[in-house]
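# Chain and residue survey
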Amino acid sequence: MVPIVVPPISEALAGLGSTRHGLSPAEADRRFRQFGPNRIEQLKRASWPLRLLGEFFQFFSIILWVAAALAFVAEISSPGEGMARIGCAIIIVILVSGLFSFWQEHRNEQTMAALARLLPQEVKVVREGKVFLLPAECLVVGDIVLLEAGDSAPADLRLVEAVDFRINDAAITGESLPKTRVSEPSQDVPLPQARNVVLAGSSVISGHGRGLVFATGARTEFGKIAHLTQTSTAGVTPMRRELARLSHVIAALAIAVGVGFFAVGAAIGLPFWRDLIFSIGIIVAMVPEGLQATLTLSLVLAAQRLARRKVLIRHLSSVETLGSATVICTDKTGTLTENRMRVRELFVGLEDYPVAAATADTVLVARERHFFSAMALTHHLQELQTGHGTALAGDPMERALVDVGCTAIGRSDGFRRVDEVAFDSDRMRHSVVYETDCGRILYCKGAPETVMGLCRSVAGSATTTPLDPDTRARIVAAQESMAGRGRRVLAYAMQRVSADTDRLSLECDMTFLGLVGLEDPPRPDVPDAIARCRDASIKVVMVTGDHPDTARAIAAEIGLVRSASPSVLTGPQVDTLSEADLKLALDAPELIFARVSASQKLRIVEALKARRHIVAVTGDGINDAPALKSANIGIAMGLSGTDVAKQASDMILLDDNFSGIVSAIEEGRTVFQNIRKFLTYVLVHNVAELVPFLAFGLFRVPLALTPIQALSIDMATDSLTALGLGIERAGPSIMALPPRSQAEPLLNARLAVRAYLFLGLIEAVGAMAAFFLVLRSGGWQWGQALSSADPLYLRATTACLSAIIILQIVNVFICRSSVRSVFAMSPFDNRLILIGIAFEIALLIAFNYTALGNVLLQTASVSAAFWVLIGPAALSMLAAEEIRKWLVRRSLSSDRRIAGTRAPTS
């Protein structure tokens, strides 16, 4: 890379036609129209016709193409056997399945793009000296951008101001070590190494500053390498891997059965081509072609439902993982609480005061003016232009503190900020240096234990006095008293400095000013969400930077802890624990971590994962990014979260509400259950389709269901009802079940027995009974051969087909729950199932009573008596399943009574 010289600030501004006050709105608009939006255009994908064509040549599609080709060859070799009709039916199966898969993938892309637009990156831009919050796409060359810890650089910037400014530019350079950036000129170095340049995609990890935009969009260094990101391939999600494995197992089983039937057919003297097509028909009928498409549909609809609940899913795979979550590590402020900070009490002059009384007491305000000045001045808020004028933008806690300080002493516009020591999670404090009427003063705000450790005196009524052990104990007692009432406690201190004071001497020998107790009430819906997690056997662990007493008080208020002595560990205590001791500590039933740093939070997450937990972690700051990435599900905050935290997360709570996590877990569990419902429904009719072929091969009776009729069930009559099961809403007690293991297969023994050996056999018996009933009523005798065009044979196969369709209508209601009674569920909850049933009935009528249906499926209308007789078969299937469900519920209730918990009814 060619070394460059980055000019001084004045030359850089002049060269780009800008000033320290930024561009005018008119000039910015002109440049935007000339150069376009600040975004990296996506690489062109393959055209939609090519992608659609690819859907027709997936693994199973190729097998079906081979089957169709063999059917046409059979028609040529042995005309008049109906093989061409079967070949056409198989091609229709390929086309319908491919079109549906293509539509689902397209819908998935559109949905995820729409969800991404819910949370655009916004930046603070200075134009004509005023600060505006604008979408990052609106940036143009010459703009002045404000950056602070947690932000991502939206364009290539030349710093014009920097305070303790450090960045991580691993996305561009691959080097993960933090780098200091300054505003002074640099020269003869490659652009990424210039100490006054921040490249697009870099994250600010400490400090704050102002940057001059000199490149946007594809002209940034990040834009030049963006194709490497865009051409990367997404990994395969666990459930997709499981579905692929299951599909291959079923396909292998189908092929084995098909080959076995081919051998049986050859042994009993079936013509070669007819035998081959029968075997292929079995294979096609046994493979559940719609599994992947149904999973995609379920995940997309789950993501859309969560978006309506203010939960943004960034990766669809996280919905799957959420269903297995066993532990939630959650922050307190803004997630469990409302993040509406209100100052409730002050400890100043070594006395407690309600905030209203303190600010109204002019004598107290005059005596403790430095304390209230510290509240008004120690902040990092920005005056932002809005549609209603100006407003202070930034942390709600800082706004509450500034409001109280300004209420007491008014605005301190005459004071000039000359230096700053930025906040970080290790120091847990923030200091600013102002030029005031009383000289240069440093004001410090932070956690009481970190601030008091740097104080040597305390402000008194007339002068300062030494901070002796008795006074220190009095302050600590006041702090603990506030924390015990659920207050968030901050300490203020000051230090007189001079222009010659070295930065290493700042925050030394300070004077303690007072304490502030802030109230942040719990969100009203959090106690119910915590209770639902407890019912679902999900452990909720509070991991906060607040004081242990504050954390304990809030945890008790929301029901997170119910005992008098929960396990409370502080960050320093975590550091003293060995890995084995930490793992043992994590087994405590009620657990709170307080005064925890980012590195300690990451260690807690790693220890939980080592205990084989599936961990969901919330975070909002840049230092939370490692824990968010390490967690099985990283959850960022939409309102208070930094850009870096959002980019490291799998999902974002748009309203920062803990209840959204519980909703997402519920959706994750529902997706898994719905795929099982779909699978059960499909496997049941696969058995009913398979038994006629078994009877034909083993007992030399006429084939009760032709291959084309079996295909009509798979790809026509059962299509919408099967999809309806894939989008079922959560059952009322889905959160009463324990988390499933990620190793648990979709097709477990219980599901297989229920589908193959119980419901499937009942349906198969009903279908075969209908077939033989029609045959016997027409005078057929055992062993009598029937022509495929014989009207009696056509009516009998139609009866078998109709029986399967009728029983599948009953089965769709049965499969909505493996435990709950059909009569306990509203039949009108799922509109797609109702539409699917109407579609099934319409097709059933068409197959029986229309000339086109008779020709396409080789059917003939059945008598009215058949419809009367099929009713008992449907009722028998329903009754048998209701008895099984009653026995299961009784067994679960007994087990739960022994365990002292509630029996699930999902």
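Only a predicted model underlies this, so the values are computations on that prediction, with no experimental measurement involved.

### Topic: the packing of helix α30 (residues 791-814) against helix α31 (residues 831-849)
The geometry of α30 relative to α31 is characterised by a closest axis approach of 11 Å and an angle of 170° between their N-to-C directions. Compared by their axis directions, α30 and α31 come out roughly antiparallel. Of α31, the residues touching α30 (which contributes Thr 798, Leu 801, Ser 802, Ile 805, Ile 806, Gln 808, Ile 809, Val 812 and Phe 813) are Ile 833, Ile 837, Glu 840, Ile 841, Leu 844, Phe 847 and Asn 848.

### Here we look at the pairing of strand β12 (residues 342-348)
The buried count for β12 comes to five of seven residues, which makes it a mostly enclosed element. When β12 meets strand β22 (residues 510-519), the two strands line up antiparallel, connected through six bridges. What sits directly across from Phe 347, in β22, is Leu 515. Here four bridges tie β12 to strand β13 (residues 351-354), and the two strands are oriented antiparallel to one another. Looking across to β13, one finds that Val 348 is bridged to Glu 351. The hairpin formed by β12 and β13 contains two residues between the paired strands, and Gly 349 there has a positive phi angle of roughly 65°.

### Some remarks on the pairing of strand β23 (residues 539-543)
Among the five residues of β23, five are classified as buried, and the element is accordingly described as predominantly covered. Of the two faces of β23, the one carrying Lys 539, Val 541 and Val 543 and the one carrying Val 540 and Met 542 are both buried. Where strand β11 (residues 327-330) and β23 come together, four bridges link them in parallel fashion. By the bridge assignment, Thr 330 is partnered in β23 with Met 542.

### What to know about unusual backbone geometry
Positioned with a positive phi, Glu 507 is a non-glycine residue whose angle comes to about 60°. Position of Glu 507 among the secondary structure elements: in the loop between β21 (488-496) and β22. Here the phi dihedral of Asp 509 falls at roughly 50°; this positive angle occurs in a residue that is not glycine. For Asp 509, the location among the structural elements is in the loop between β21 and β22. Judged by its relative accessible area of 53%, Asp 509 is exposed.

### Regarding the state of the cysteines
If you walk through the whole model with that rule in mind, you get zero disulfides. Cys 329 forms no disulfide, and the closest cysteine sulfur to it belongs to Cys 533, at a distance of 12 Å.

### Focus: the environment of Lys 885
Tracing the backbone through its elements, the reader meets Lys 885 in helix α33 (residues 864-899). On the accessibility criterion, Lys 885 (0% relative accessible area) is buried. Leaving out residues up to four positions away in the same chain, Lys 885 has contacts with Arg 754, Ile 814, Ser 817, Ser 818, Val 819, Arg 820, Ser 821 and Val 822.

### Brief notes about the confidence of the model for the chain
Close inspection of predicted coordinates is inappropriate in any region flagged by low pLDDT. Residues of the chain with pLDDT of at least 70 account for 90%, and the chain-wide mean is 85. Averaged over each element, pLDDT in the chain is lowest for helix α8 (residues 226-230) (44) and highest for α30 (96). In the model, residues 227-235 has pLDDT below 50 throughout and makes six contacts with residues more than four positions away in sequence or in other chains.

### Thoughts on the pattern of salt bridges
A side chain of one charge can pair with a side chain of the opposite charge if their charged atoms are brought near each other. Evaluated as defined, the whole model comprises 36 salt bridges. The partner of Arg 39 in a salt bridge is Glu 137, with the nearest N and O atoms 3.2 Å apart. Taken as a pair, Arg 39 in the loop between α2 (25-35) and α3 (48-55) and Glu 137 in the loop between β3 (130-135) and β4 (144-148) lie far apart in primary sequence, 98 residues in all. A relative accessible area of 38% places Arg 39 in the partly exposed class. Assessed through its relative accessible area of 36%, Glu 137 is described here as partly exposed. Notably, a salt bridge pairs Glu 161 with Arg 210, separated by 3.9 Å at the nearest N-O pair. Highlighted residues: Glu 161 in strand β5 (residues 156-168) and Arg 210 in strand β9 (residues 203-215), separated in sequence by 49 residues. Given the relative accessible area of 38%, Glu 161 is considered partly exposed.

### Comments concerning the sheet that holds strand β28 (residues 651-653)
Note on sheets: strands pair through backbone hydrogen bonds, and any given pair is parallel or antiparallel. Taken in spatial order, the eight strands line up as β10-β28-β27-β26-β11-β23-β25-β24 in an open sheet, and their pairing is mixed. Sheet topology places β10 (311-313) and β24 (567-570) at the edges, where each strand pairs with a single neighbour. Recorded for the sheet is a direction-independent mean angle of 20° between the axes of neighbouring strands. The sheet strands contacting helix α26 (residues 659-699) are β10, β11, β26 (615-619), β27 (633-637) and β28, and the helix crosses β28 at an angle near 140°.

Definitions and limits used
Residues numbered from 1 in each chain as written. Predicted model: local features only at pLDDT ≥ 70, side-chain atom pairs only at ≥ 80, totals over all residues. Heavy atoms only, no water. Axes fitted to C-alpha atoms, helices over the stretch in contact; angles between N-to-C directions. Helix = DSSP H or I, 4+ residues; strand = E, 2+ residues; numbered from the N terminus. Parallel < 35°, antiparallel > 145°, perpendicular 65-115°, else oblique. Contact = heavy atoms within 4.5 Å. Buried < 20%, exposed > 50% of the residue type's maximum accessible area, 1.4 Å probe, protein only. Pairing = 2+ DSSP bridges. Disulfide = S-S within 2.5 Å. pLDDT = per-residue confidence, 0-100. Salt bridge = Lys/Arg side-chain N within 4 Å of Asp/Glu carboxyl O.

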